[in-house]
Each structure stands twice: as C-alpha cells, then as structure tokens.
Amino acid sequence: MSQPDYSVVTGAPGDKLLTLTHLIYALHAFALFTAVVGSTTIVFGFVASLPSIVAVILNYWKRGEVRGTWLESHFRWQIRTFWFALLWIVVSVLFFITIIGLPFALLLMGVAGLWVLYRVVRGWWTLGGRRSLPMD
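Every value quoted in this text rests on a predicted model; they were computed, and no experiment measured them.

J.: I'd like a description of empty space enclosed by the protein, backed by residues and values.
T.: Counted according to the given criterion, the structure contains one cavity of 30 Å³ or more. The computed volume of the largest cavity comes to approximately 30 Å³. If you go around the largest cavity, the residues you meet are Tyr 25, His 28, Phe 46, Trp 77, Gln 78, Thr 81, Arg 119 and Val 120. The set of elements that each furnish at least two residues to the lining of the largest cavity consists of helix H1 (15-37), helix H4 (71-97) and helix H5 (102-128). If one sorts the elements of the lining of the largest cavity by residue count, H4 sits on top with three residues. The residue inventory of the lining of the largest cavity, partitioned by class, reads four nonpolar, three polar and one charged.

See the structure below:
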C-alpha cells in the first residue's frame, strides 16, 4: 500500500500568507521556549501563553484566505495542536484531582508536552519545504 503524497500544492498562496504562517509557528515556538525555561509544564505554557493565544486567533482570522491552498493544512495543524493540547490539560487535571491518578497526570503532561513540541517542529519544518501536512 503506497503512502499518500501530502506535498501536492493545491493552490498558490501569496507571500504574505506564507510569512504569516511562519509568524504563527514562531509564536508557538516562542511559547514553547518560555515554557521550557520557565516554571511551568510545556503543554500548559503552550496553551496559556499570550503568543499561542494570539497565534490561534490569527489562524481563525485568516483561515478563509488560505482555504484551497496548501497552507490550509498548516492552519488546521496549528489549530488542532492548540485545542488538543488544551484537551490533554483538562484530562490531566481530572487525573490530578483524584490523587490516585497523580502519576498518570504527570506522565500525561510530559507526553503531551513532547507531542506539542513535535507538532510545532514538524509543522514548521514542513512549511520550510513548502509542503502541506496530512489533513485526515
């Protein structure tokens, strides 16, 4: 069974939209950096920081302009990364509340932090190659 080719360009976005997508990844990366050097978990620092919130607002604001282009996959990737990170925080808090689930909460926060880091790095790397990401 062959792998699908996600690098197919469906539309040609303008340079401004490409720059904006790089800016959004930079905002997410800055949020991750401040979480790593700060005193919070990576995933919480990612979701609760102003740069990531601004990035997601930009994603939703410009979403219509990238529709039909290969940048649409990046916007979807960024939005889903943010909301799934928030979901993992909520699940971790529920584990944390039970006290018995405290080790699972800590493990989940660590894994979620690595997952967010992977998503930002992979997305930005793929954007640098001017390729789309999987949309399924």
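Having seen the model, we can carry on.
J.: Tell me about the side chain of Thr 21, residues and numbers included.
T.: Checked against the element boundaries, Thr 21 lands in helix H1. Here the side chain of Thr 21 touches Leu 17 through a polar contact of 2.8 Å, landing on its backbone oxygen. The contact partners of Thr 21, leaving out residues within four places of it in the chain, are Leu 71, His 74, Phe 75, Gln 78 and Leu 127.

J.: Describe H5, and please don't skip the residues or the numbers.
T.: Every α-helix carries 3.6 residues per turn, so stepping three or four residues along brings you back to the same face. Helix length check: H5, at 27 residues, gives a terminal C-alpha distance of 39 Å against a target of 39 Å (1.5 Å per residue), a fit within 8%. Listing the buried residues of H5 in full gives Ala 105, Leu 108, Met 109, Ala 112, Gly 113, Val 116, Arg 119, Val 120, Gly 123, Thr 126 and Leu 127. Along its buried surface, H5 packs onto H1, helix H2 (42-48) and H4. At the exit of H5 stands Arg 130, carrying a positive phi of roughly 55°.

What counts and how
Residues numbered from 1 in each chain as written. Predicted model: local features only at pLDDT ≥ 70, side-chain atom pairs only at ≥ 80, totals over all residues. Heavy atoms only, no water. 1 Å grid on protein atoms, 1.4 Å probe; cavity = no way out; pocket = protein on both sides within 12 Å on 5 of 7 lines; lining within 4 Å. Points joined across faces, edges and corners; volume = space filled by probe spheres on them. Helix = DSSP H or I, 4+ residues; strand = E, 2+ residues; numbered from the N terminus. Nonpolar A, V, L, I, M, F, W, Y, C, P; charged D, E, K, R; others polar. Polar contact = N/O pair within 3.5 Å; in protein donor to acceptor, adjacent residues only side chain to side chain. Contact = heavy atoms within 4.5 Å. Expected span 1.5 Å × (residues − 1). Buried < 20%, exposed > 50% of the residue type's maximum accessible area, 1.4 Å probe, protein only.

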